[in-house]
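Secondary and tertiary structure notes
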Amino acid sequence: MKGDEVQTLADMVNDSRSIVIFTGAGISTESGIPDFRSPGGLWEKNRPIDFSEFISSAEARRESWRRKFAMDSVMATAVPNAGHQAISNLHQQGRLKAVITQNIDGLHQASGIPDQEVIEIHGNTTYAKCLDCGTRMELDEVRAVFLPDEVLPECGHCGGLIKTATISFGQAMPVEEMRRATEAALDCDLFIAIGSSLVVYPAAELPLIARQGGAPLVILNREPTPLDSYADLVLNREIGDTLAAVTKL
Ligand code: NAD
Ligand code: ZN
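As the structure is a computational prediction, the values presented were derived from the model and not from experiment.

1. A few points about the site of ligand 1
Neighbouring residues of ligand 1: 27 residues in total, closest Ala25, Arg37, Gln102, His122 and Ser197. With respect to ligand 1, the backbone of alanine 25 contributes an N or O atom lying 2.7 Å from an oxygen atom. Contacts to ligand 1 include phenylalanine 36, whose backbone N or O atom sits 2.9 Å from an oxygen atom. Protein chains shield 97% of the accessible area of ligand 1, which is 860 Å² for the free molecule. Class assignment of the residues belonging to the shell around ligand 1 gives a composition of 7 nonpolar, 12 polar and 8 charged.

Pasting the structure below:
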């Protein structure tokens, strides 16, 4: 039965020429980066800091930089796993329209997918930005300011607050990335959601937008998701082995 699901997905992939892959934190757990909601995930240790708290509280800003630099060695040493590689193979086969990712770890790009085909709807954690004027600040600079005595970084141009270039809960979504993601979802011939609990909105609207646009929807995740009843195929399986098998069939 389970083997049949993998064959079904392989057949769907082989029939497609314009696939959108939509990924969440689950695709990177096999690279050693914990997700949010699994047992042992980041939420068991740390409640997320939402955007309004970051703006209003210096202690929340200090705590978010502490967490950022504590996770840094994990992020810096993580490499793409079999799941990322399988998606990169789809790119090489010319079947991929785009990868839309909620992840901020850069591992799709590291697996060989060109930057312009990876749409990062929750931003990127490898650099920081001024929240007022948008000026980019490199993490090395933030590290040098923050690590010795936890002095908060400030924008050199306008004095504004500096935050990693990620989208926090409560923060506005990036307009251009959401436009591109919506367009890709509407214009694909297969949409595969991988390793996402599909509870974070508006990201989780994208699989439904793809269905409205007429594409079959596949969900690959260890656990059930609230969107399973909308999917044409649901695989509750481990990501790396499954995708590696699919791209070989
Ligand atoms: P989530 O933590 O809510 O859900 C991850 C899902 O993946 C879970 O349902 C889990 O069961 C499944 N999963 C984990 N490992 C798996 C595996 N090996 N095989 C199959 N399934 C597996 O993650 P989300 O939906 O992406 O939402 C959380 C938010 O957290 C996102 O917006 C993202 O920006 C952020 N985040 C990113 C990273 C990263 O960049 N790697 C890590 C943690 C959180
Ligand atoms: Zn500024």
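Moving on from the coordinates now.
2. Section: the packing of aromatic side chains
For any pair of aromatic rings, geometry is given as the distance between the ring centres together with the angle between the planes. Under the counting rule described, the total for this entry stands at 3 aromatic pairs. Relative to phenylalanine 69, the ring of tryptophan 65 has its centre 5.7 Å away and its plane inclined at 20°; by these criteria the two rings are stacked. Of this pair, tryptophan 65 and phenylalanine 69 both sit in helix α4 (residues 58-77), 4 residues apart, which is roughly one turn of that helix. Residue classification places tryptophan 65 among the buried positions, given a relative accessible area of 2%. For phenylalanine 69, a relative accessible area of 13% puts it in the buried group. Measuring from centroid to centroid gives 6.2 Å for phenylalanine 69 and phenylalanine 146, while their planes differ by 35°, and the two rings are tilted. You can see phenylalanine 69 sitting in helix α4 and its partner phenylalanine 146 sitting in helix α7 (residues 139-149), a full 77 residues away along the chain. Of the two residues examined, phenylalanine 69 and phenylalanine 146, each falls in the buried class. The ring centre of tyrosine 127 lies 3.9 Å from the NZ or CZ of arginine 136, which sits over that ring.

3. Considerations on helix α5 (residues 82-92)
Inspection of α5 places Gly83, His84, Ala86, Ile87, Ser88 and Leu90 among the buried residues, and these make up the whole buried set. At the C-terminal side of α5, glycine 94 shows a positive phi close to 75°.

4. Things to note about the domain arrangement of the protein chain
Here the protein chain is described as being made up of domain 1 (1-31 + 79-122 + 173-249) and domain 2 (34-77 + 123-166). Between the C-alpha centres of domain 1 and domain 2 the distance comes to 27 Å. Listed as interface residues are 14 residues of domain 1 and, on the opposing side, 11 residues of domain 2. Taken together, the two surfaces of domain 1 and domain 2 that pack against each other cover about 920 Å², and 51% of this comes from carbon and sulfur. The interface formed by domain 1 and domain 2 contains 0 salt bridges. At the boundary of domain 1 with domain 2, the tally comes to 3 residue pairs in polar contact (both at pLDDT 80 or more). Classifying every residue of the side of domain 1 that touches domain 2 by side-chain character gives 6 nonpolar, 5 polar and 3 charged.

5. Here we look at the pattern of salt bridges
Applying the stated criterion across every chain, the model contains 14 salt bridges. For arginine 47, the salt bridge is made with glutamate 53, and the minimal N-O distance between the two is 3.3 Å. What makes arginine 47 exposed here is its relative accessible area of 54%. The class of glutamate 53 is partly exposed, set by a relative accessible area of 25%. The residue arginine 66 makes a salt bridge to glutamate 59 at a minimum N-O spacing of 3.1 Å.

Cut-offs applied
Residues numbered from 1 in each chain as written. Chains lettered and ligands numbered in written order. Predicted model: local features only at pLDDT ≥ 70, side-chain atom pairs only at ≥ 80, totals over all residues. Heavy atoms only, no water. Near = heavy atom within 4 Å. Polar contact = N/O pair within 3.5 Å; in protein donor to acceptor, adjacent residues only side chain to side chain. Areas by Shrake-Rupley, 256 points an atom, 1.4 Å probe, with all protein chains shown as cover. Nonpolar A, V, L, I, M, F, W, Y, C, P; charged D, E, K, R; others polar. Phe/Tyr/Trp six-rings, centres within 6.5 Å; stacked < 30°, edge-to-face > 60°. Helix = DSSP H or I, 4+ residues; strand = E, 2+ residues; numbered from the N terminus. Buried < 20%, exposed > 50% of the residue type's maximum accessible area, 1.4 Å probe, protein only. Lys NZ or Arg CZ within 6 Å of the ring centre and 35° of its normal. Domains from an automatic or database assignment. Contact = heavy atoms within 4.5 Å. Buried area = accessible area lost by both parts, 1.4 Å probe. Salt bridge = Lys/Arg side-chain N within 4 Å of Asp/Glu carboxyl O.

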